[in-house]
Structure formats: structure tokens, C-alpha cells
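# Structure assessment
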Amino acid sequence: VSEGSRVPGWALKANLPKIEQSAAELADLAAVNSWKMVVIPRPGTGAGELQWSQVKPRLENWLDERFHIITF
């Protein structure tokens, strides 16, 4: 059974390496497009079942002051 075949991909537990990869790609997009501000929710927390203390250190290498991570 492949990943996501029984449970939709959005319902799976979050993957830290994938979150870090996505942060790097988002940082590249922001640079290429000269974005001055990017607002995102805390990735991987909530339905992703990760603790913010696990995720935050992985993002700090990629996301600078242009990025505002919010909780709602």
C-alpha cells in the first residue's frame, strides 16, 4: 500500500525533512519574486501532529525576517 492510498496525504503525520525542503523552496521563491513579506501558519503542527519546538529550529536556517509565522 503506497502512502496516501488509504488516508489522504493531508491527513498523514507531517514529515520534518519535507517541511525543511519546503521552507528552502519558499525562501527561494521569495528571493526570486522580491517578496517583502510572507505570512504562513505553523507548518506541521495541528493536524500534522508535530510540536512547534520540533519544527521551529528546522525553519530558522531558511526563513528570515520577511517570513511571519502565525498561529490561529
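Report follows, based on the coordinates. (Residues numbered from 1 in each chain as written. Predicted model: local features only at pLDDT ≥ 70, side-chain atom pairs only at ≥ 80, totals over all residues. Heavy atoms only, no water.)

## Some words on the pattern of salt bridges
The test is simple: Whenever Lys or Arg places a side-chain nitrogen within 4 Å of a carboxyl oxygen from Asp or Glu, that contact is recorded as a salt bridge. Numbering of helices and strands starts at the N terminus; helices are DSSP runs of H or I of at least 4 residues and strands are runs of E of at least 2. For the exposure calls, accessible area comes from a 1.4 Å probe over protein chains only, and a residue counts as buried if that area is under 20% of its type's maximum, exposed if over 50%, partly exposed in between.
Under the definition given, this model contains two salt bridges. The salt bridge partner of Arg58 is Glu20, with a shortest N-O separation of 2.8 Å. On the criterion of sequence distance, the pair formed by Arg58 in helix 2 (residues 52-59) and Glu20 in helix 1 (residues 16-32) is long-range, its members being 38 residues apart. Owing to a relative accessible area of 18%, Glu20 belongs among the buried residues under this scheme.

## Points about helix 2
Here is the rule we go by: The arc in question is the one spanned by the directions pointing from the helix axis to the C-beta atoms. By the convention used here, residues are in contact when the closest approach between their heavy atoms is within 4.5 Å.
By the burial criterion, the buried members of helix 2 are Trp52, Val55 and Leu59. Taken around the axis of helix 2, the buried residues stretch over an arc of 70°, which confines them to a single face. Buried residues in helix 2 make contact with helix 1 and strand 2 (67-70).

## Things to note about the nonpolar core
The criterion, for reference: Joining through side-chain atoms within 4.5 Å is the link that ties buried Ala, Val, Leu, Ile, Met, Phe, Trp, Tyr and Cys residues into a set, and such a set is a nonpolar core.
Among the nonpolar cores identified, the biggest contains 13 residues, and Ile19, Val38, Leu50, Val55, Leu59, Leu63 and Phe67 are the most heavily contacted of them. For this core, the secondary structure elements donating two or more residues are helix 1, strand 1 (38-41) and helix 2. Apart from residues lying up to four places away in sequence, Leu63 is in contact with Ala23, Ile40 and Ile69.

## What about the environment of Glu60?
Along the polypeptide, Glu60 turns up in the loop between helix 2 and strand 2. Assessed through its relative accessible area of 52%, Glu60 is described here as exposed. Here the alpha-carbon distance between Glu60 and Glu20, two residues 40 residues apart in the chain, equals 9.5 Å.

## As for helix 1
As a reminder of what qualifies: A helix is expected to span 1.5 Å for every residue after the first. Polar contact is the term for a pair of N or O atoms within 3.5 Å; when the atoms are in protein, one must be able to donate a hydrogen and the other to accept it, and sequence-neighboring residues count only if both atoms are side-chain atoms.
The end-to-end C-alpha separation of helix 1 is 24 Å, in line with the 24 Å expected for 17 residues at 1.5 Å each. Those residues of helix 1 that sit buried are Leu16, Ile19, Glu20, Ala23, Ala24, Ala27 and Ala30. Each buried residue of helix 1 sits inside an arc of 140° when the element is viewed along its axis, so together they form one side. The exposed set on the far side of helix 1, more than 90 degrees from its buried face, consists of Pro17, Asp28 and Val32. The inward-facing, buried residues of helix 1 abut strand 1, helix 2 and strand 2. Between the side-chain oxygen at the start of helix 1 and the backbone nitrogen of Lys18 there is a gap of 2.9 Å, and the oxygen is on Asn15.

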